[in-house]
Every structure is written in C-alpha cells, then in structure tokens.
Amino acid sequence: MIVELFYSPGCSSCAAAQASLKAAALGAVESLEWRELNVLDELDYAVELGVLTLPAIAIDRELVFGSLPTVEQLHEALMRRAAGAA
Amino acid sequence: MFTIGRLATLAEVSTDALRYYEREGLIAPTGKSEGGYRLYGDDAVPRIRLIKQAQHCGFTLAEIRELLILRRRETACCGDVRQRAIEKKLQLETKIRAMKAMSKALDRLIADCADATHPVEECPILAALEQTDAPTRAASRP
C-alpha cells in the first residue's frame, strides 16, 4: 500500500500533523510506503488524482482526504483498504 | 478621503464595480461627506488593485474576501497566502485539463463530419451527440 501526502512547502498545518500521521500509517499497515510530495514538483500527478486543496492524502493513487485527517480517520481508511485488499 | 467617483478614477474601475465590491463586503467607506456621500480612505486604492489582480488570477470574490481577512490576521503568514495561490493553480489546471478533453471530443466530432454537404438531418455530429456513449461523455471520464 502507498500513502502519498501532497503538501505545499511552508504550510504550517502540514508540518505539524505530518509526523504523527506518518507514524500512525506505518504502525497500522505492514510494508506501507509513505511518500511526501511537494505539490509544485508533482503538479500534473496531483491534478490527475483530483487534488484541489492542500494538504491532501491519496492511498494507492486514489485521493482519499482533501484536508489532513485525524490519526483515527487515517487509521480507519487504511484498515478499510487493507481489509478490501485481503 | 475620496468620493466614489474619485476612487473609481484612481483605481481604474467603474463606480458600479465599486458598489458591487461594497455589496460583497470587499470594501467599505470610512466616512460620509457633509452631503451624505460615501468617502473612502487612502488604503482603498491598493485594496481595489489587489481585488482586480486577484480576479485576473482566477480568484472568486469570496476567495478574495478570505485573502483580505487573512491579511489582517495576526497569526497568518505568507505561506497561508501561498497555499491558497497553489490551490487556485490546482483548480485552474484541473479546468484546463477538462477543457482540453472537451476540445478533443470536438475534434473527434468534427473529424466524423468530413462531408459538410450532408443535409442537417443526416449530420453525423448531431447523431453522435444523441448517442448514449457520445465522444463528449467519453472525454469527460477521468
């Protein structure tokens, strides 16, 4: 499973919550790949996924959160997806 | 202090536009003349320039209002404004992508109608648009 966080550099809300979300995601799913993407470097990809607001989170190349979720919301989304894939 | 007419001249907008901005909460008079006319402060000119330039960059009036509020917020920083600019760019790029898809759909319809001398009731473009899976629908899919 791949989790991609789209952020804009200098976004204070991104930096504050990023670490706790990353830790929660890595702890929830084994062999999860966590990627942090500067939206300006990956603009075409962000548009392709439908990212319109920042920060945003995609799971397995599907936009799931248009704003930063809570740790619980991310955990739930990951579990749901992991259960679906099993 | 400027009257609405003077402000319109200085900011190069119509008085109607200024009244509209005022109704939308983007500008406000700072006082009234003895005759009861609205008067605007010196800061109104750069504020209107900001509104106009932001509109040219695709910001809606509601979004511009947020930018103006953000400018007054003590805890806000340049990064907050930059983030809104990046989000606007994402929206514009999404629209450009959708419009390119529409343009390609039109290319296909135009190519289908190579013989423009058909009577209109046999027009392949109109026939294609009637189909459930017309090229325009196919193009709008992600």
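Residues numbered from 1 in each chain as written. Chains lettered and ligands numbered in written order. Predicted model: local features only at pLDDT ≥ 70, side-chain atom pairs only at ≥ 80, totals over all residues. Heavy atoms only, no water.

(A) Region of interest: a nonpolar patch on the surface. Residues and elements named next belong to chain B. There is a patch of nonpolar side chains on the surface, built from Val120, Leu126 and Leu129 and spanning about 280 Å² of accessible area. Take Leu126: it is sitting in helix 6 (residues 124-130). Exposure remark for Leu126: the relative accessible area of 44% places this residue in the partly exposed category. (Patch = residues over 30% accessible without salt bridge, like charges linked within 9 Å, V, L, I, M, F, W, Y side chains within 5 Å. Areas by Shrake-Rupley, 256 points an atom, 1.4 Å probe, with all protein chains shown as cover. Salt bridge = Lys/Arg side-chain N within 4 Å of Asp/Glu carboxyl O. Helix = DSSP H or I, 4+ residues; strand = E, 2+ residues; numbered from the N terminus. Buried < 20%, exposed > 50% of the residue type's maximum accessible area, 1.4 Å probe, protein only.)

(B) Examining the packing of aromatic side chains more closely. All names here are of chain A. Going through the model one piece at a time under the given rule, you end up with one aromatic pair over all chains. Both rings, one in Phe6 and one in Tyr45, keep their centres 5.8 Å apart while their planes meet at 50 degrees; by these two values the pair is tilted. Linking Phe6 in strand 1 (residues 2-7) with Tyr45 in helix 2 (residues 43-49), this pair joins segments that are 39 residues apart in sequence. Looking at Phe6, the relative accessible area reads 0%, which means it is buried. (Phe/Tyr/Trp six-rings, centres within 6.5 Å; stacked < 30°, edge-to-face > 60°.)

(C) Representation of unusual backbone geometry within the structure. Residues and elements named next belong to chain A. Residue Pro55 is reached from Leu54 by a cis peptide bond, and omega for that bond is -10 degrees. Tracing the backbone shows Pro55 in the loop between helix 2 and strand 3 (56-59). A positive phi angle, near 50 degrees, is found at Ser31, a position not held by glycine. At Asp60, a residue that is not glycine, the phi angle is positive and equals roughly 50 degrees. Mapped onto the secondary structure, Asp60 falls in the loop between strand 3 and strand 4 (62-65).

(D) Local environment of helix 4 (residues 61-72) of chain B. All names here are of chain B. With twelve residues, helix 4 should cover 16 Å at 1.5 Å per step; its first-to-last C-alpha distance of 17 Å lies within 8% of that length. Among the residues of helix 4, Leu61, Ile64, Leu67, Leu68 and Leu70 are the ones counted as buried. Structurally, helix 4 contributes buried residues whose contacts are with helix 2 (15-23), helix 3 (44-56) and helix 5 (78-112). (Expected span 1.5 Å × (residues − 1). Contact = heavy atoms within 4.5 Å.)

(E) Expanded view of the interface of chain A and chain B. Opposite the 17 residues of chain A that make contact, chain B presents twelve residues. Of the roughly 1,300 Å² buried at the junction of chain A and chain B (both faces included), carbon and sulfur atoms supply 63%. Inspection of the region where chain A meets chain B yields zero salt bridges. Inspection of the region where chain A meets chain B yields four residue pairs in polar contact (both at pLDDT 80 or more). (Buried area = accessible area lost by both parts, 1.4 Å probe. Polar contact = N/O pair within 3.5 Å; in protein donor to acceptor, adjacent residues only side chain to side chain.)

(F) Main features of the pairing of strand 1 of chain A. Residues and elements named next belong to chain A. The element strand 1 is extensively covered by neighbouring structure, given that five of its six residues are classed as buried. Note that strand 1 and strand 2 (residues 33-38) share six bridges and pair parallel. Its bridge partner lying in strand 2, Phe6 is registered against Leu37. Across four bridges, the pairing between strand 1 and strand 3 is antiparallel. Each bridged residue has a counterpart across the sheet, and for Glu4 the counterpart in strand 3 is Ala58. (Pairing = 2+ DSSP bridges.)

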